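Structural description and commentary
So you can see what is in the structure, the chains are spelled out below.
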Amino acid sequence: MDRTLDVLPANLSPLAARPGPLIQRIHMEPEGKNRSAFRRDRDRIVHAQAFRRLAHKTQVFISEEGDHYRTRLTHTIEVAQIARSIARNLGLDSDLAEALALAHDMGHTPFGHTGEDALASAMQPYGGFEHNAQTLRIVTKLERRYAAFDGLNLTLETLCGIIKHNGPVFDSKGTVRDEKLGGSLPFALTDFLDTQGLDQDLLALDRHAGLEAQIASVSDDIAYNTHDIDDGVRAGLFKLDDLSYVPLVNAILVEIDHAFPDLQPERRMGEFTRQLITRLIGDVQATIETRLETQSIQTCSDIEGADAMLATFSDEVAKDVWQIRTFLFNTLYRNDEIMQLRGQAEAVVQRLFNHLFEHPNDLPDAWQLPPAIMRDAVARARQVCDFVAGMTDRYALTTHARLFDVAPDLRYGASL
């Protein structure tokens, strides 16, 4: 598991994550001389099959909707760019921040959170389903590209960042923090711990992740809150000026309109998006620096043991981001037609799971298990869940059409 210290990027802050004096991976393998351990993790994520499939998975609009809407892949690339910028500006390990940003949505199902809800419901009797935990399952088990091991054999630092994408798993009382999990650890995490024989203390599940992981998380917020505005306007669901009641949005629009009167709407949107991302990045960086100073953070251990995440928005900007998120929730995510399409997409995932659970012989040959294992309901459910969760939008629809001779048209506007 342990290797000697790898080559590290220059000019790192004392608060930057390091792979320690000994690099820790689950499976022993020689480390390269030309890449840091975290850069190697990043490269392995980029070459993973699950990463490529993100190109055809839903962000908000179904991936076949149009060439200019975000997919999970384009969203992920945008998150990675933001995370890398913030980490580099603060002297942190930008390779680790980028690796975590690139991996953060690899566990997403077809049709985004809609598919996740469907699988979570179907898997409730069998250990549940949660997309962040599924990312861990992908990078430690489901990717099979290497001769010596399953998964990508990432460093423990990267695995910890994936596991704690939304903060510590446990609170100070040892209770699972995510209320959606119903007080239990996700199956993917417990299976990982049991399979690898890892002690929870090694992963410090009750402590915060390092700054690079926290930055990857807040970069996700920056990316989707900004770019979902762009996609919503492009779809004609609202106008950019509908958000002018938000102080930060209004300030940017006033500045743009003063500097560039009569700017074409598309250019105005582009300039707005650029400025909003820039201001949110600047706010997060300033907030991190302020909290490091006021809380006398001196070491990575101080970061992990802090009372709250350090990579967040300032209180003032957090109010603006909350207003943006609330607007998008009411106007975009809960739009009547999108909700109708979500209902149809959820039904597709439910039918696929139910059929394959009852008829496991319809799984592809590569997904068949020995009959004795398939007779176990939990093992069969997990195998079917892993298969369905990995589907792209279009593969889910074509499989549904093959099995049921029908597939709904899930493009926004198709029913108009």
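Our structure's up above, just so we're on the same page.
Criteria and thresholds
- Residues numbered from 1 in each chain as written.
- Predicted model: local features only at pLDDT ≥ 70, side-chain atom pairs only at ≥ 80, totals over all residues.
- Heavy atoms only, no water.
- Core = buried A, V, L, I, M, F, W, Y, C linked by side-chain atoms within 4.5 Å.
- Buried < 20%, exposed > 50% of the residue type's maximum accessible area, 1.4 Å probe, protein only.
- Contact = heavy atoms within 4.5 Å.
- Helix = DSSP H or I, 4+ residues; strand = E, 2+ residues; numbered from the N terminus.
- Axes fitted to C-alpha atoms, helices over the stretch in contact; angles between N-to-C directions.
- Parallel < 35°, antiparallel > 145°, perpendicular 65-115°, else oblique.
- Left-handed = near helix turned anticlockwise from the far one by under 90°.
- Phe/Tyr/Trp six-rings, centres within 6.5 Å; stacked < 30°, edge-to-face > 60°.

Counting 94 residues, the largest nonpolar core has Ile45, Met106, Leu189, Phe192, Ile222, Ile229 and Phe272 as its most contacted members. With residues near it in sequence (within four places) discarded, Ile222 still touches Ile82, Ile86, Ile277, Leu280, Ile281, Val284 and Phe313. Formed by 25 residues, the second largest nonpolar core is a distinct cluster that contains Tyr126, Phe353, Met374 and Leu397.

Attention now moves to the side chain of Arg40. When you line up the elements, Arg40 lands in helix 1 (residues 37-46). Since its relative accessible area comes to 11%, Arg40 is described here as buried. Leave out the neighbours within four places in its chain, and Arg40 touches Arg25, Glu29, Pro30, Glu31, Gly32 and Arg35.

Turning our eyes to something else, we now look at the packing of helix 4 (residues 94-103) against helix 7 (residues 156-163). How two helices sit against one another is set out by the angle between their axes and by the gap between those axes. In the contact formed by helix 4 and helix 7, the axes pass within 10 Å of each other and the chain directions differ by 45°. The angle between helix 4 and helix 7 falls in the class oblique. Like other packed secondary-structure pairs, helix 4 and helix 7 cross with a definite hand, here right-handed. Residues Leu96, Leu100 and Ala103 of helix 4 form the contact with helix 7, whose own contacting residues are Thr158, Gly161 and Ile162.

Turning our eyes to something else, we now look at the packing of aromatic side chains. For the structure shown, the criterion picks out seven aromatic pairs. Geometrically, the ring pair formed by Tyr126 and Phe357 is tilted, given 5.6 Å between the ring centres and 35° between the ring planes. Residue Tyr126 is found in the loop between helix 5 (112-122) and helix 6 (131-142), and its partner Phe357 is found in helix 15 (residues 336-358); the two are separated by 231 residues along the sequence. By the ring-pair criterion, three or more aromatic residues cluster together here, those being Tyr126, Phe353 and Phe357.

By themselves, these observations are geometric and do not establish any function.
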